Amino acid sequence: MLNLKYLDLLAQKYDTEEKVVTEIINLEAILDLPKGTEHFVSDLHGEYQAFQHVLRNGSGNVKVKIRDLFKNEMQEKELNEFATLVYYPEEKLQLIKSGFSSKQELQDWYIEVIERMLKLISYASSKYTRSKIRKALPKQFVYIIEELLYKTDEFKNKKDYYDKILERIITLGQADKLIIGLAYTTQRLVVDHLHVVGDIYDRGPDPHKIMDTLIDYHSVDIQWGNHDALWIGAFAGSKVCLANIIRICARYNNLDIIEDVYGINLRPLLNLAEKYYEDNPVFRPKRIAGENLTEQEQLQITKIHQAISIIQFKLEGPIIKRRPCFHMEDRLLLEKVDYEKNEATIHGKTYPLENTCFATINPDKPDELLEEEQQVIDKLLFSIQQSEKLARHMKFLMKKGSLYLKYNGNLLIHGCIPLDEDGSMKAMEIEGKTYAGRELLDVFERYMRQAFAHPEETDDFATDMIWYLWTGENSSLFGKREMTTFERYFIKDKETHKERKNPYYYLREDEDVCRRMLEEFDLNPDQGRIINGHTPVKERDGENPVKANGKMLVIDGGFSKAYQSTTGIAGYTLLYNSYGMQLVAHQLFNSKEEVLSNETDVLSVKRLVDEELERKVVRETNIGKGLLQQIESLNSLREHRYMD
Ligand SMILES: O=P(O)(O)OC[C@H]1O[C@](O)(COP(=O)(O)O)[C@@H](O)[C@@H]1O
Ligand SMILES: [Mn+2]
């Protein structure tokens, strides 16, 4: 029996039996509609343009719909042009319009395109309710579009009326706006819900633009990646996370994200860097094709990169010491250096060091920050926590994000579920209690939220825990034995650079293991799948993103430009509609301009992961479960308030 107070509240909204009944009928009708299309992306790593492209073409879904509808009336060239118009309406309109020589030609084109767009919308929205479509329409044209959309051809006498509407739109100079609005409506209708399976931040230049896009997106959830956690950690008060994000920005020549986008003053860091550091080949920013830096700029970044790296290494020591449960003593690297001989002993082996930059390190107390370093990091933390834009982005990450998500029977997770070699859930002791599997992940998430709720606490357990999630052995976001940043900068022997992966990464090829992991999360192993990001799938070397007989899908194909030479492609995305799941491999994306002029789609082969025997309906989805509950409440309202 439902709580009476709740029924009172419900009765305020549904104050007549008629209203209750109408709502029940509406909800029940929705339950039988085909399930909306889910779109999965991961490891965007600041590549805003490539992400935009995938979003705008719905991983190829827009093209499929266009082809279905118009394959008999349009040639390939025309299909492509029309598709490009839907993806980038503002720019493509200008390009197309510049090719017309008379007003009449343009007018005819307008009419044809608007009619086609209306057809496309009506097709793309056939599985949605009218109220949902209305929400997707451009606001200033809702009434007109609905008139045009729901016209019935049987009533020929209305034809003049529709033609008039179109004509007026054109003569009043509104055609461009309408076409643009219709294009965005189409984009929105082909994807019902977006999942971002982690790593929005780092390496690429525009994570903030991705965040703004997600904030405006109609329906989205996020599974935090290790890089996202790092940014959250910095904002939540972790100095070591902060040092890391700045280090990575320097390494990839993205300091303007910190300075210009989020408004953090890097002057104090630069002064420190100028004072203690010189040029150093391993700290020069990575060169991405097409980027040009002057010698002077490069030198400055190289110095900043060293200054912040050393601050990072120094900050790691005290955390490792105060958190024995992290078991990271092996990572007390500054203490393992012989500063006279310039060598380090790691895991019992001594290696010569090169490219060292230890001017601020006191060999007796290697973790100790110089007064100046302390001031720099304190100031940086202060200003990062004052950045309104960053606050907006981080709050959104917290609101829409989680460590993992169960959605429509699937488990979405960026990194891994830490496993032992025998496939059992790897345990970790935290503050005197032992956790593994789902419980461990839940505890991690609780600490993340606690740290975020207390940005003023910088050295507490919860804040340290976010750093552990970035780099710790049992972190579900990281999933490797150790992060060998120090070794990669200072030791030549590549053996030391290897980051041994958790057994999860080979055990996930095994169907039984995947089934057990699904069960651990109370998911049905016959139907559910694990959807994973984080590790680039090396398509080039023949690696298959579909693993464990389809129970495991890895969709990190590397949007990240810096990683595309390893993967050989520009990323995978996944579509899950009422007919089943499809994996889409994307070819390298160069630029929007290229798409606009060549009208080529960079996406390619679709692989059918699974085809449903019967079309899935809303009733079987997460949303359907919610609707069923609402119907139940309404039924009980009806019973208790409106029936004698
Ligand atoms: O290629 P880079 O920028 O040096 O980064 C390497 C580091 O990034 C990581 O791969 C983590 O980033 P990902 O989550 O993108 O894999 C670490 O394991 C590794 O130490
Ligand atoms: Mn990752």
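As recorded in an unreviewed UniProt entry, the protein goes by the name Fructose-1,6-bisphosphatase class 3, listed as coming from Planococcus massiliensis. Recorded in UniProt for the protein, the comment headed Cofactor (unreviewed entry) runs: "Mn(2+)".

1. Considerations on the coordination of the manganese ion (ligand 2)
Bound to the manganese ion (ligand 2) on the protein side are Asp199 (OD), Asn226 (OD1), His414 (NE2) and His534 (ND1), at distances that span 2.1 to 2.3 Å. Every donor residue of the manganese ion (ligand 2) comes from the same chain, spaced as D-x26-N-x187-H-x119-H. Here Asp199, found in the loop between β2 (193-196) and α12 (207-216), pairs with His534, found in the loop between β12 (530-532) and β13 (546-547); they are 335 residues apart in sequence, far enough to count as distant.

2. Section: the confidence of the model for the protein
Confidence in the prediction for the protein averages 92 pLDDT; 95% of positions are at 70 or higher. Taken together, the chains of this predicted complex give a pTM of 0.93 and an interface ipTM of 0.96.

3. Some thoughts on the nonpolar core
Grouped together as the largest cluster of nonpolar side chains are 196 residues, with contacts concentrated most on Leu214, Trp231, Phe326, Ile430, Phe490 and Met517. Inspection of this core shows a minimum of three residues originating in each of domain 2 (58-190) and domain 3 (226-386 + 428-490). Discounting residues that sit within four places of it in the chain, Phe490 has contacts with Phe283, Ile310, Phe313, Pro352, Leu353, Glu354, Asn355, Thr356, Cys357 and Phe358.

4. Some words on the domain arrangement of the protein
Examined at the domain level, the protein breaks down into domain 1 (4-32 + 621-642), domain 2 (58-190) and domain 3 (226-386 + 428-490). A C-alpha centroid distance of 37 Å is found between domain 1 and domain 2.

5. With respect to the sheet that holds strand β6 (residues 349-352)
Across the sheet, which stays open at both edges, the 3 strands sit in the order β4-β5-β6 with antiparallel pairing between neighbours. Across the chains shown, the open sheet's two edge strands, defined by having one partner strand only, are β4 (337-338) and β6. As defined by bridge partners, strand β5 (residues 343-346) adjoins β6 across 4 bridges and the pair is classed as antiparallel. Across the sheet, Ile346 pairs through a bridge with Lys349, a residue of β6.

6. Notes on the site of ligand 1
Surveying the vicinity of ligand 1 reveals 14 residues, the closest of which are Arg251, Tyr252, Arg488, Glu499 and Tyr563. Interatomic distance of 3.3 Å between a side-chain N/O atom of His45 and an oxygen atom of ligand 1. Note that an oxygen atom of ligand 1 is positioned 2.5 Å from one of the side-chain N or O atoms of Tyr252. Burial of ligand 1 by the protein chains amounts to 88% of its free accessible area of 470 Å². A majority-of-atoms criterion places ligand 1 in the largest pocket. A class-by-class count of the residues in the shell around ligand 1 yields 4 nonpolar, 4 polar and 6 charged.

7. Description of empty space enclosed by the protein
For the coordinates displayed, the defined rule picks out 4 cavities of 30 Å³ or more. The volume enclosed by the largest cavity comes to roughly 270 Å³. Lining the largest cavity are 26 residues, with Glu316, Met328, Arg331, Trp467 and Met483 positioned closest to its centre. A total of 4 residues in the lining of the largest cavity trace back to one element, the largest contributor, which is helix α17 (residues 295-322). Of the residues contributing to the lining of the largest cavity, the split by class is 10 nonpolar, 7 polar and 9 charged.

What counts, and where the lines are drawn
Residues numbered from 1 in each chain as written. Chains lettered and ligands numbered in written order. Predicted model: local features only at pLDDT ≥ 70, side-chain atom pairs only at ≥ 80, totals over all residues. Heavy atoms only, no water. UniProt positions renumbered as here; feature names shortened; annotations may be inferred. Donors = N, O, S within 2.8 Å, 3.2 Å for Na, K, Ca; no water. Helix = DSSP H or I, 4+ residues; strand = E, 2+ residues; numbered from the N terminus. pLDDT = per-residue confidence, 0-100. Core = buried A, V, L, I, M, F, W, Y, C linked by side-chain atoms within 4.5 Å. Buried < 20%, exposed > 50% of the residue type's maximum accessible area, 1.4 Å probe, protein only. Domains from an automatic or database assignment. Contact = heavy atoms within 4.5 Å. Pairing = 2+ DSSP bridges. Near = heavy atom within 4 Å. Polar contact = N/O pair within 3.5 Å; in protein donor to acceptor, adjacent residues only side chain to side chain. Areas by Shrake-Rupley, 256 points an atom, 1.4 Å probe, with all protein chains shown as cover. 1 Å grid on protein atoms, 1.4 Å probe; cavity = no way out; pocket = protein on both sides within 12 Å on 5 of 7 lines; lining within 4 Å. Sits in = over half its atoms within 2 Å of the grid points. Nonpolar A, V, L, I, M, F, W, Y, C, P; charged D, E, K, R; others polar. Points joined across faces, edges and corners; volume = space filled by probe spheres on them.

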